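Observations on chain architecture
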Amino acid sequence: MEENPNQDPSATTAADATSTTTTNLNDLSQDILLHILSFLPTLESITTSLISKKWKSLWSLVPSLNFSYVHFPIYKSFFTTRQFFSEFVDRTLILRPHLPLQKFRLEFIYEDRYGCHVDSWVRYAIRNRVSELDLDFFIDESFHIVESEGRRDYDFPFSAPRNGFKACPNIEVLKLENCYGMENLRLCSEKLKRLGLLSFYTAERELYLELDCPNLVWLGIDCVETGEFCIKNLSSLIEFRTSIAHKTEHYGHWFKVVKQLHRIAHIKHLVVQNWWRKLAAKDGIPKDFLLHNLKHLELQTGYTQYDLLGMAALLELCPNLETMILDPLYKIDDDESLSEELLNKPIHFSIPSLKEVKLKVIPGENQNQIVQFVALLKKQGVVLDKIVLVPLYSGISVSRRRPLRAEVNE
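Thresholds, definitions, all that
- Residues numbered from 1 in each chain as written.
- Predicted model: local features only at pLDDT ≥ 70, side-chain atom pairs only at ≥ 80, totals over all residues.
- Heavy atoms only, no water.
- Helix = DSSP H or I, 4+ residues; strand = E, 2+ residues; numbered from the N terminus.
- Axes fitted to C-alpha atoms, helices over the stretch in contact; angles between N-to-C directions.
- Left-handed = near helix turned anticlockwise from the far one by under 90°.
- Contact = heavy atoms within 4.5 Å.
- Nonpolar A, V, L, I, M, F, W, Y, C, P; charged D, E, K, R; others polar.
- Patch = residues over 30% accessible without salt bridge, like charges linked within 9 Å, V, L, I, M, F, W, Y side chains within 5 Å.
- Areas by Shrake-Rupley, 256 points an atom, 1.4 Å probe, with all protein chains shown as cover.
- Salt bridge = Lys/Arg side-chain N within 4 Å of Asp/Glu carboxyl O.
- Buried < 20%, exposed > 50% of the residue type's maximum accessible area, 1.4 Å probe, protein only.
- Pairing = 2+ DSSP bridges.
- Polar contact = N/O pair within 3.5 Å; in protein donor to acceptor, adjacent residues only side chain to side chain.
- Right-handed = clockwise from strand over helix to strand, strands pointing away.

Under the annotation held in an unreviewed UniProt entry, the chain carries the name F-box domain-containing protein and is attributed to Salix brachista.

Structure (structure tokens):
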């Protein structure tokens, strides 16, 4: 074959390279295909069985199951959709071989008539040595518009004091959301590394929470009504997050969680809301308590005098803090009234090691307070590397974003 003298040699090389690197999806190894399928909801993973003979049973070998109610087809009624979803999960677990599971995630609007189903799904995951268990019985407010007649409390079957979670020896990551009916959660695990508890609200019962997990590195407790919180051993914990609706009636639950900080004083990362003025006023913290290792603080806060006094009280406990991120705090109730002395008290922040402050702001809201806060930071006698403003754009027009940054930089 004769070469075309007018053809660019580099073009030929590029074309050859393209032709040799093009790969058909069916040419990929089974391990790669299973990895790809693991990112899909299980319903979509099963749908891929229609692609070709090679894909027919591939879904059953995927090491993760994600039963997403959000991605499930909607039928004529809410109740029909939920019934078909339940049948789909049952059928899938029957057809799937008993192979080790890396992750089991369930999104479902729970009702007590489905209790046996949900228990069997969770037990299936644990029998197959699941490493990550994620149960979400809330999903989104829009799914709770239609109220059901049955009880909607799900009691995690492996939380009873008699087993102390020892029946789940392989779980490294556990997330429980909206398990309303749970009274006792005693976790004793050498293997658990990440734990998230979200939306445990009930008017009748409060959660007794006991943690003895020496290898736990991440703990999140959000919107949990705790009757008692006991930390036995969290010696490896690095990051702790806690939050609850900022309403006076919920302060007691927040306090029960935060007062345990002295048992995890070694943490390096803390995410918390600013109720610290109230906490400091009631002597809720041991006198000699300090978060010596804390390097990173994320604080949900406003910028009133009440908030600034609370922020100052918290910063006193963090002598080695290097980074602080401030998030907007939505207050359901007004601040408590302050005495004339406190209203006029000068604000001093103890920030000897602080290098960077990041403020997440909604342009146009609390603008003057934020400008005054930045000016206050500059007067603390500490040279910061950065003061960064991060606009939260949701629902905000571009024309309202810019003046805030310009005004603060003056």
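Moving on: unusual backbone geometry. Although it is not a glycine, arginine 129 adopts a positive phi angle of roughly 55 degrees. Among the secondary structure elements, arginine 129 is positioned in the loop between helix H5 (115-127) and strand E3 (132-136). Here cysteine 223, not a glycine, exhibits a phi torsion of approximately 55 degrees, which is positive. With respect to the helices and strands, cysteine 223 occurs in strand E8 (residues 218-224).

To continue, consider the packing of helix H4 (residues 78-95) against H5. Where H4 meets H5, the axes come as close as 11 Å, and the angle between the chain directions of the two elements is 35 degrees. In the crossing of H4 with H5, the sense of the turn from one axis to the other is left-handed. Between H4 and H5, the contacting residues are Ser86, Val89, Asp90 and Leu93 on the first element and His117, Trp121 and Tyr124 on the second. Considering only residue class, the contact of H4 with H5 consists of four nonpolar, two polar and one charged.

All right, on to a nonpolar patch on the surface then. Among the surface-exposed residues, Leu25, Ile32 and Ile36 lie close enough to one another that they form a single nonpolar patch of about 250 Å² accessible area. Take isoleucine 36: its relative accessible area is 40%, and that puts it in the partly exposed class.

In spatial order, the strands read E1-E2-E3-E4-E6-E8-E10-E11-E12-E13-E14-E15; together these 12 strands make up an open sheet with parallel pairing. This sheet does not close on itself; its edge strands, each paired only once, are strand E1 (64-67) and strand E15 (386-391). Going from strand to strand, the sheet's axes swing by 5 degrees on average, the running direction of each strand aside. Sheet topology places strand E2 (residues 103-107) next to E3; five bridges connect them, and they run parallel.

Turning next to the side chain of glutamate 210. For glutamate 210, the position within the fold is in strand E7 (residues 207-212). Among the polar contacts listed, one links the side chain of glutamate 210 to the side chain of lysine 232, at a separation of 3.5 Å. If sequence neighbours within four positions are ignored, glutamate 210 has contacts with Leu185, Arg186, Leu187, Cys230 and Lys232.

Of the two faces of strand E14 (residues 356-361), only the one carrying Val357, Leu359 and Val361 is buried; Glu356, Lys358 and Lys360 on the other face are not. Here strand E13 (residues 323-328) pairs with E14 via four bridges, running parallel. Within E14, the residue paired with methionine 324 across the bridge is valine 357. Where E14 and E15 come together, six bridges link them in parallel fashion. Its bridge partner being in E15, valine 357 is matched across the sheet by isoleucine 387. What joins E14 to E15 is helix H10 (residues 367-378), and the crossover it makes is right-handed.

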